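Next come the chains, spelled out residue by residue.
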Amino acid sequence: MSRRHSAAEAVRAVMVARNLRRVAPDVDSLTTTPVFIDGDHGPRTVVHVHLADVLRLPLAVDAQTHRAAYAALRRAYPRAQWQTHEYRYDVRPGRLHRITPDVPAALR
């Protein structure tokens, strides 16, 4: 069952779609994946952004485009936990889905 957008969510979806289409015209979905790295400056988490077209095939774009798309999502969803969860944003319906499963309470 699909849930309808509130007015604020609809406006946000239009703004995000406009910003994403400005940086990558063929983008249909984005997936963000936090990755833990142990680099020269110590351990840290970086977020990889994967842009895909309507067939979910990866778009061949440069690093600046990935950064701009990620920045558009961060501005639109400031409360998302980008450093700890994996997300998918579907441009057409304007929905952000957390795809990292929750850890059962017994395992915490």
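## Here we look at the nonpolar core
Turning to step 1, where the next piece is worked out: Counting 22 residues, the largest nonpolar core has L20, V27, L30, L51, W82 and Y89 as the members making the most contacts within it.
Turning to step 2, where the next piece is worked out: Of all the secondary-structure elements, those providing two or more residues to this core are α1 (7–23), β2 (42–52), α2 (63–76) and β3 (87–90).
Turning to step 3, where the next piece is worked out: It is α2 that contributes the most residues to this core, five residues altogether.
Turning to step 4, where the next piece is worked out: Look past the residues within four positions of L20 in its chain and what remains in contact with it is P25, V27, L30, A69, A72, Y89 and V91.

## Description of the packing of α1 against α2
The relative placement of two packed helices is expressed as an angle between their axes plus a distance between the axes.
Turning to step 1, where the next piece is worked out: Taken N-terminus to C-terminus, the directions of α1 and α2 make an angle of 170°; their axes are 9 Å apart at the nearest point. Taken together, α1 and α2 sit at an angle that is classed as roughly antiparallel. Residues R12, V16, N19, L20 and V23 of α1 form the contact with α2, whose own contacting residues are T65, A68, A69, A72, L73, R75 and A76.
Turning to step 2, where the next piece is worked out: Broken down by class, the residue content of the contact of α1 with α2 amounts to eight nonpolar, two polar and two charged.

What counts, and where the lines are drawn
- Residues numbered from 1 in each chain as written.
- Predicted model: local features only at pLDDT ≥ 70, side-chain atom pairs only at ≥ 80, totals over all residues.
- Heavy atoms only, no water.
- Core = buried A, V, L, I, M, F, W, Y, C linked by side-chain atoms within 4.5 Å.
- Buried < 20%, exposed > 50% of the residue type's maximum accessible area, 1.4 Å probe, protein only.
- Helix = DSSP H or I, 4+ residues; strand = E, 2+ residues; numbered from the N terminus.
- Contact = heavy atoms within 4.5 Å.
- Axes fitted to C-alpha atoms, helices over the stretch in contact; angles between N-to-C directions.
- Parallel < 35°, antiparallel > 145°, perpendicular 65-115°, else oblique.
- Nonpolar A, V, L, I, M, F, W, Y, C, P; charged D, E, K, R; others polar.

Limitation: the analysis is restricted to geometry and does not speak to function.
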